Amino acid sequence: MTISSFEALACPLDGTALQLNGRSWQCEAGHSFDIARQGYVHLLPVQNKRSKDPGDNKAMVAARQRFLNAGFYQPIAEALVAAVFHENFSAASITALDAGCGEGYYMRYLAENTPETTHLALMGLDISKWAVLSAAKQDTKPAWIVGSNANLPVLPETLDLILCLFGFPVYPEFARVLRPGGEIVQIDAGPDHLIQLREIIYPELKAPRQLPSGAPDGFTTVDTSAIRYSLTLPDKSSIADLLAMTPHLYRAGAEGLARAAELESLTVTVEATITRTRKI
């Protein structure tokens, strides 16, 4: 098993190939993007930002890093590995993108559990510079990119695999950058995910979001599975980190957050759906 960085990058301004020149990625038109001291590259043009500092902020990223590195979601990471390296997997090498990589926990876990005979060329992308900075500090082997799923800085048909884990899939872009036969492994929260926490912080629960039925245009569903387990958060800090790494921190009212802050421990249901789809 060997790990390298994915290099088939595209200029986010004109879509042409980027070439590495010293500490910068450059296209033929002269657009240049410097590699930061920490090892990541910013490929999100200012005109494509919806805010000055999009995505998860520094505190949310730190909370997610503490929570995930504590192993609370390791069963989800194990399910991801099982979906990628399924019983029919035999590829000697794959190029993979984690689209919405956060601080890189799932990609690191995947790399650590890659078959010995397989080479991985990896790229993690997130719209949050704080998430990408954290990921780059923890693992120098993949390419870490600040960018958007809506305009992936990737050359057409150069990827074998896209991970979209609790994220925001943009299927036309995924189809553009995947090779024919390439796959998306997508993980989405199930209807009972963290339901005990949600019952505490909200006065009433909304109906769970319905996942689209059937595969997106240009794809076919290969496999769908589910994971569900009970998780006990043993102290106030782990409960606070879980809240801080989710949108619930900003959606819940002050009274709900106050109730959560009083908890000494909490047992929650973790539920997720894992879907494999293949580009036709």
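## Topic: the packing of aromatic side chains
Reasoning step 1: By the definition in use, this model includes seven aromatic pairs.
Reasoning step 2: A ring pair is formed by Phe67 and Phe72, whose centres lie 4.8 Å apart and whose planes are at 40°; its orientation type is tilted.
Reasoning step 3: The class of Phe67 is buried, set by a relative accessible area of 1%.
Reasoning step 4: Summarising the aromatic geometry, the rings of Tyr105 and Tyr106 are spaced 5.1 Å apart at their centres and angled 75° between planes, so their arrangement reads as edge-to-face. The pair Tyr105 / Tyr106 is uniform in exposure class, with both members buried.

## Regarding the pairing of strand S7 (residues 119-126)
Reasoning step 1: Most of S7 sits inside the fold, with seven of its eight residues counted as buried.
Reasoning step 2: As judged from the four bridges shared by strand S1 (residues 2-5) and S7, these two strands associate in the parallel manner. By the bridge assignment, Ser4 is partnered in S7 with Ala121.
Reasoning step 3: Sheet topology note: the strand S6 (residues 93-99)/S7 ladder contains seven bridges and is parallel. The residue bridging Ile94 from the neighbouring strand is Leu120, located in S7.
Reasoning step 4: In terms of handedness, the path from S6 via helix H3 (residues 105-112) over to S7 forms a crossover that is right-handed.
Reasoning step 5: Note: S7 against strand S8 (residues 143-146), four bridges, orientation parallel.

## A look at the sheet that holds strand S2 (residues 19-21)
Reasoning step 1: Within the open sheet, the three strands sit side by side as S2-S3-S4. Their pairing is antiparallel. Each edge of the open sheet is held by one strand with a lone partner, namely S2 and strand S4 (32-34). Here the average twist between neighbouring strands, direction ignored, is 30°.
Reasoning step 2: Two strands pair when backbone bridges link them, and strand S3 (residues 24-26) and S4 are joined in this way by three bridges, in the antiparallel orientation. Within the sheet, the bridge partner assigned to Gln26 lies in S4 and is Ser32.

So, how was this worked out
Residues numbered from 1 in each chain as written. Predicted model: local features only at pLDDT ≥ 70, side-chain atom pairs only at ≥ 80, totals over all residues. Heavy atoms only, no water. Phe/Tyr/Trp six-rings, centres within 6.5 Å; stacked < 30°, edge-to-face > 60°. Buried < 20%, exposed > 50% of the residue type's maximum accessible area, 1.4 Å probe, protein only. Helix = DSSP H or I, 4+ residues; strand = E, 2+ residues; numbered from the N terminus. Pairing = 2+ DSSP bridges. Right-handed = clockwise from strand over helix to strand, strands pointing away. Axes fitted to C-alpha atoms, helices over the stretch in contact; angles between N-to-C directions.

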